[in-house]
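Here's the letter readout for the chains.
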Amino acid sequence: MKYLILIQSNPQSLAVWETLTDQQRTDFGLGHLRLTEQMREAGVLVVSEGLGDPALATQVSVRDGRTITSDGPFAEVKEHLAGFYLIDVADLDEAVGWAAKAPDAAYTRVEVRPVLDMSAWEI
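Please read these numbers as outputs of a predicted model, since none were measured by experiment.

Conventions adopted
- Residues numbered from 1 in each chain as written.
- Predicted model: local features only at pLDDT ≥ 70, side-chain atom pairs only at ≥ 80, totals over all residues.
- Heavy atoms only, no water.
- Helix = DSSP H or I, 4+ residues; strand = E, 2+ residues; numbered from the N terminus.
- Buried < 20%, exposed > 50% of the residue type's maximum accessible area, 1.4 Å probe, protein only.
- Contact = heavy atoms within 4.5 Å.
- Lys, Arg positive; Asp, Glu negative; His and termini not counted.
- Charge placed at Lys NZ, Arg CZ, Asp CG, Glu CD.

Novice: Lay out the overall build of the protein in plain terms, naming residues and giving numbers.
Specialist: Counting its regular elements, the protein contains three helices and six strands. When the helices and strands of the protein are read in sequence order from the N terminus, they spell out β-α-α-β-β-β-β-α-β. With the C-alpha coordinates of the protein rotated into their principal frame, the extents come out at 50 × 40 × 20 Å. Looking at the protein as a whole, 28% of its 123 residues qualify as buried. The contacts of the protein with a sequence gap of at least 6 include a subset with a gap of at least 24, amounting to 75%. The protein carries 10 positive and 19 negative side-chain charges, and their two centres are separated by 4 Å.

See the structure below:
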């Protein structure tokens, strides 16, 4: 079963980040690289990526068949998705075990969410 481990950035995590030394910040980033490699070696990693700042986002909507885009979020948000791991594991317990290894879990919450299997849906 596939699970998405969501890494959020929020005021709490940003406040903690500001207290970290340069070495702790480096170790934090290296922790993500090590976790990615551990997941790859265990054969559970589908994909993992960090995401750019929400200010770099493009909002897309379609109205009357016309695609409309605008820069960044419509409102200032206090929390945003900073990155993710998509893993394929046996069950929720295994997914939670991997999520607990994310460096962020030591400072804030990490969300685990099942991916809907739509392969049997008919179009």
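Novice: Let's hear about unusual backbone geometry: which residues, and what values?
Specialist: With phi around 50°, aspartate 64 is a residue other than glycine that occupies positive phi space. Mapping aspartate 64 onto the fold places it in the loop between β3 (58-63) and β4 (66-71). Take aspartate 64: its relative accessible area is 84%, and that puts it in the exposed class.

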